[in-house]
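Overview (structure and organization)
Each chain, written out:
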Amino acid sequence: FDVVQPSRWRVDGVGRRTDVMGREPTFDHEKLEVYQLAIEFARWATYPARSLEHLDESSRSIARNIAEGNGKRSSKDRCKYLDIARGSALECAACLDMLVVRRRLDEGLARDGKAMLLRVVSMLVKLVDRLCGCGEFGDPRWPRGASRRA
């Protein structure tokens, strides 16, 4: 699976590339920009997560499923885990909405989190589409350009 070069790489004083946590990548999934962004969101979600346990669990689930899916050998299995990660990102967006409605989170802060989540979801949809050649929403039953009407 092609590795998306992350924009979040930093170069240390010796010229080595490091991730958002300041480490050199060890595993293939750590080289994925979408994984780096999921980790960044999980770090960001620590603040609002004190108010809602589900946000904390869902934010951790995104990165875990990206990592697990990237380790699968078949494209079908990879897509399954990337779709689960996408679902977890959508859950996080809903959790942020609930926090705003309950006045536990500032709307501007929620907007920042949702902007990160939108990028994560977009990247995951593109990865699944590229891996599986799937159509809309990564559904393997509907190839690109196929009509859903029978």
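Residues numbered from 1 in each chain as written. Predicted model: local features only at pLDDT ≥ 70, side-chain atom pairs only at ≥ 80, totals over all residues. Heavy atoms only, no water.

Quick look at helix 3 (residues 53–70)
When the terminal C-alpha atoms of helix 3 are compared, their 26 Å separation across 18 residues agrees well with the 26 Å that a helix rising 1.5 Å per residue should span. Looking at helix 3, one finds that the buried residues are Leu-55, Ser-58, Ser-59, Ser-61, Ile-62, Ala-63, Asn-65, Ile-66, Ala-67, Gly-69 and Asn-70. (Helix = DSSP H or I, 4+ residues; strand = E, 2+ residues; numbered from the N terminus. Expected span 1.5 Å × (residues − 1). Buried < 20%, exposed > 50% of the residue type's maximum accessible area, 1.4 Å probe, protein only.)

What to know about the packing of helix 1 (residues 33–44) against helix 5 (residues 107–132)
Close contact between helix 1 and helix 5 brings their axes to 10 Å; oriented N to C, the two are set at 155°. When the interaxial angle is binned, helix 1 and helix 5 end up roughly antiparallel. Of the two elements, helix 1 crosses helix 5, and the hand of that crossing is left-handed. Judged by residue contacts, Glu-33, Val-34, Leu-37, Ala-38, Glu-40, Phe-41 and Trp-44 of helix 1 engage Leu-109, Gly-113, Met-116, Leu-117, Arg-119, Val-120, Met-123, Leu-124 and Leu-127 from helix 5. (Axes fitted to C-alpha atoms, helices over the stretch in contact; angles between N-to-C directions. Parallel < 35°, antiparallel > 145°, perpendicular 65-115°, else oblique. Left-handed = near helix turned anticlockwise from the far one by under 90°. Contact = heavy atoms within 4.5 Å.)

Description of unusual backbone geometry
With a phi close to 60°, Arg-103 is a non-glycine residue in the positive phi region. Relative to the helices and strands, Arg-103 is located in the loop between helix 4 (75–101) and helix 5.

Let's talk about the packing of helix 3 against helix 4
In the contact formed by helix 3 and helix 4, the axes pass within 8 Å of each other and the chain directions differ by 165°. Here helix 3 lies roughly antiparallel to helix 4, going by the angle between them. Helix-helix and strand crossings are classified by hand; for helix 3 and helix 4 the assignment is left-handed. Along the contact surface, helix 3 presents His-54, Leu-55, Ser-58, Ser-59, Ser-61, Ile-62, Asn-65, Ile-66, Glu-68, Gly-69 and Asn-70, while helix 4 presents Arg-78, Tyr-81, Leu-82, Ile-84, Ala-85, Ser-88, Ala-89, Glu-91, Cys-92, Cys-95, Leu-96 and Leu-99. Considering only residue class, the contact of helix 3 with helix 4 consists of 12 nonpolar, 8 polar and 3 charged. (Nonpolar A, V, L, I, M, F, W, Y, C, P; charged D, E, K, R; others polar.)

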